[in-house]
Amino acid sequence: MDLLGFAFLHPLQPYIPSALNFTLPSNTSSLTTIEKPFFPFRGWHVHTQHLLELTHVLNGWGVQGPQDKQGWQDMLPDYQAFLIWLIANRQNRFQWIILSAEEWIDFANSTERQSRLQTLTSMAHSVGLLVGVDMPLALQQQHAMFMTTGKGTLQDQTKEIQASIDWVVQCGFDYMATESGFSEFTHPDDTMMLAWMNISTSYLYDKYQGRRMYIKCHCSTGQVASDYIDPTTGKPINFNFLPIFADERLGIYPHTVQYYRLDDVAPTYGNDNFTYMLDFMVREAPARDTIYYGESTYWVNYDIDLPLFLPVYADSRLYDLRLISSSGGGQHLQGQINFNSGWEWGYWLGDVVTARAAWNPYMNLDQQTALTTHLGNIARIFGPPQQSIVQIIEDVIQIQRDTFINGIVNGSTPANITSRNGQAYLQGWDTWSDIMTLADPHTSTQPVKEGFNDARLDHGPSYWKEIEPLLAEMEMRLFSSYNALIKLSPLVVPSSLPFFDEILDSLLVMCLRARQVHALYDYAASWDTPDRSKDWRQQRLSDAKYARLNATQIMLHRETLYRVPSSRIAGWYYNPTSYSYGYLWTVHSSYYWIRDEMQATHPIGNETSPCYMNIINPIDVAFGEGIYYNVTILLYEILEKFKWLGDITECLVAPEKEPHY
């Protein structure tokens, strides 16, 4: 079908050419091609803890709730389309997190739900896919369905784990994935955690004809297993690496987050970079099944929910597979499972490259040529300007590597990347990213920035000397790429315009975000600057507002073109996740854009509080149902440190109804 001109780019919208671009050669033997995959394990993780296109159907829900069986059946064609996309992009398995919550616990454990899940696994098997479920051992974060409460004796816990596995296998799943700890930030006793790993692994394998268990090894920091010594350092091991002491039949998913390469600077989750994860994979791959677990979307504040168009994801995931494979024991790597969190706003581009890189990373080529080849396979649908389009996308990737990641301005790299990288400013900020940064900037789950008040009061890096030149360079270079891309529009094959226009709109929205942020910081930083007139400041504020309003028009227009009803993925309503809204609601509402504008223009008042415009329940989302202690302690620590914050009630509750700004 590739030869005939078809393409499987967005999972829910196959590209159908207006005419078949194919001539039968005189020697039909030339049509025969033989390929084999570079990696045997080529998988996809749909992160259903976020309200995505398939979150309802994969959890047995209809849009109206768990009892909406007809609504669930109505979404099966979307699921079928996704299965075809997986096969077309050479994947051989996929998985998702199964959810549960106290308010719908009866359905969560029901035979009716099992019946619906059996339908899903049967559909996957019918096209040759293996299908797995991600069920944490005890992690109680974001409505995850877990195997054990951790209560009672080890014998009690063993019975819970075994019963959970029995329930999953009855649904038709071929393998299981699991997670350590109670959340990304909290964990039980290390010896107990290791026992649960061994119990689940052996029971699944021994009772169910060799079915395998895999466990995520997260890149969060600051937690150690005090009873187990890291053989490479002689110190207590990183809690996330505890599985190296487990049953050798337990496979591992070494996990990195966001768009960073394994050897990039990566100022997130308390890391400086992810080179230690590369070392971990290379060391463990010869000993047990090791599958790289990168991401092509992160969601929370970071990328698609602004939205930021980030083709740098494609570059990084391709690079990582090539790097691991050429690094010592890395040739034993089984493959990848890719974390995915949404498909709109051009994110299918990074997904296609990431998926196909596991089939063929083009190890005989250099990185740039390999990337060009993968992008060229996508851009062929655009017709005559395809090479120029690829070049512009590569230019955007280079801009993002230079400025978003490395903070390079005029060829100069900052000595300290903290608060001096573009991603820190273009990404969104909500209550809990603010709270975590206030508590300990080094453990923030996204790059930290110099806030608007910091710029206003000249705290931290000098805004005018270090931050403003970076914001200006991002804005200038991004708009240059957009201006080059829009000129190609008349040359694009008409049938491919929906995909081209999506890239074009996505790039323009990111340009406007860069313009808004630059203007807002200029306005805030010149609050008490003698050489900036009042008229100049007001013009910068007008620039910021115009950028936001222009972006809002584009975002609302694109909602009409989403591949599923916008109410499903951009609405605010009751759903199986711990969030009250779809993954694109923050785009629909311009949430991050408005919050930044309000905080930049109000040096005092409620707007300066991290609790301002809170939209999540931290107990439910970050720490799990019923776990109040950690949140309470964290908030008291922050109050003690920052007494000026005042009332923090808004931090603890999400709005009961959809807020309008």
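Each value, and the rule that gives it
Residues numbered from 1 in each chain as written. Predicted model: local features only at pLDDT ≥ 70, side-chain atom pairs only at ≥ 80, totals over all residues. Heavy atoms only, no water. Helix = DSSP H or I, 4+ residues; strand = E, 2+ residues; numbered from the N terminus. Rg over C-alpha atoms; globule rule 2.2 N^0.38 Å. Buried < 20%, exposed > 50% of the residue type's maximum accessible area, 1.4 Å probe, protein only. Contact = heavy atoms within 4.5 Å. Areas by Shrake-Rupley, 256 points an atom, 1.4 Å probe, with all protein chains shown as cover. Lys, Arg positive; Asp, Glu negative; His and termini not counted. Charge placed at Lys NZ, Arg CZ, Asp CG, Glu CD. Pairing = 2+ DSSP bridges. Axes fitted to C-alpha atoms, helices over the stretch in contact; angles between N-to-C directions. Parallel < 35°, antiparallel > 145°, perpendicular 65-115°, else oblique. Left-handed = near helix turned anticlockwise from the far one by under 90°. Nonpolar A, V, L, I, M, F, W, Y, C, P; charged D, E, K, R; others polar. Salt bridge = Lys/Arg side-chain N within 4 Å of Asp/Glu carboxyl O.

Caption draft 1: Here's a closer look at the overall build of the protein chain. Along the protein chain, the regular secondary structure elements total 23 helices and 12 strands. Compactness check: the protein chain gives a C-alpha radius of gyration of 24 Å against a globular reference of 26 Å for 661 residues, within 12% of the reference. C-alpha extents for the protein chain along the principal axes are approximately 75 × 75 × 55 Å. Taken over 661 residues, the protein chain has a buried fraction of 63%. Pairs at least 24 residues apart make up 76% of the contacts formed inside the protein chain by residues separated by at least 6 positions. Counting every atom, the protein chain has about 24600 Å² of accessible surface; 53% of that belongs to carbon and sulfur. Within the protein chain, one finds 44 positive and 71 negative side-chain charges whose respective centroids are separated by 3 Å.

Caption draft 2: Examining the sheet that holds strand β5 (residues 130-134) more closely. Read from one edge to the other, the open sheet built from eight strands follows the order β10-β7-β6-β5-β4-β3-β12-β11, with strand pairing classed as parallel. Sheet topology places β10 (250-254) and β11 (291-292) at the edges, where each strand pairs with a single neighbour.

Caption draft 3: Layout of the packing of helix α17 (residues 497-525) against helix α18 (residues 534-559). Two numbers describe how α17 lies on α18: the axes approach to 8 Å, and their chain directions differ by 155°. Classified by the angle their axes make, α17 and α18 are roughly antiparallel. The crossing of α17 and α18 is left-handed. Residues that form the contact of α17 with α18 fall into these classes: 14 nonpolar, five polar and 10 charged.

Caption draft 4: The arrangement of the pairing of β10 in detail. The element β10 is largely enclosed, with a buried count of five among its five residues. Inspection of the sheet shows strand β7 (residues 213-217) paired to β10 by five bridges, in the parallel sense. Bridge assignment links Lys216 to a residue of β10, and that residue is Tyr253.

Caption draft 5: Structural context of the packing of helix α9 (residues 312-325) against helix α12 (residues 386-405). Two numbers describe how α9 lies on α12: the axes approach to 8 Å, and their chain directions differ by 90°. Comparing their axes, α12 and α9 come out roughly perpendicular. Of the residues in α12, those touching α9 at Val312, Asp315 and Ser316 are Ile397, Gln400, Arg401 and Ile405. Taken together, the residues of the contact of α9 with α12 break down into three nonpolar, two polar and two charged.

Caption draft 6: Expanded view of the environment of Asp247. By the secondary structure assignment, Asp247 is in the loop between β9 (236-238) and β10. What makes Asp247 buried here is its relative accessible area of 17%. For the pair formed by Asp247 and Leu194, sequence separation is 53 residues and the distance between their alpha carbons is 9.2 Å. For Asp247, the residues in contact, after removing those within four places along its chain, are Asn198, Thr201, Ser202 and Arg288.

Caption draft 7: The arrangement of the pattern of salt bridges in detail. Using the criterion set out here, one finds 28 salt bridges in the structure. The shortest N-O distance in the salt bridge between Arg249 and Asp247 comes to 2.7 Å. On the accessibility criterion, Arg249 (22% relative accessible area) is partly exposed. As a salt-bridge pair, Glu466 and Arg420 come within 2.7 Å of each other at their nearest N and O atoms.

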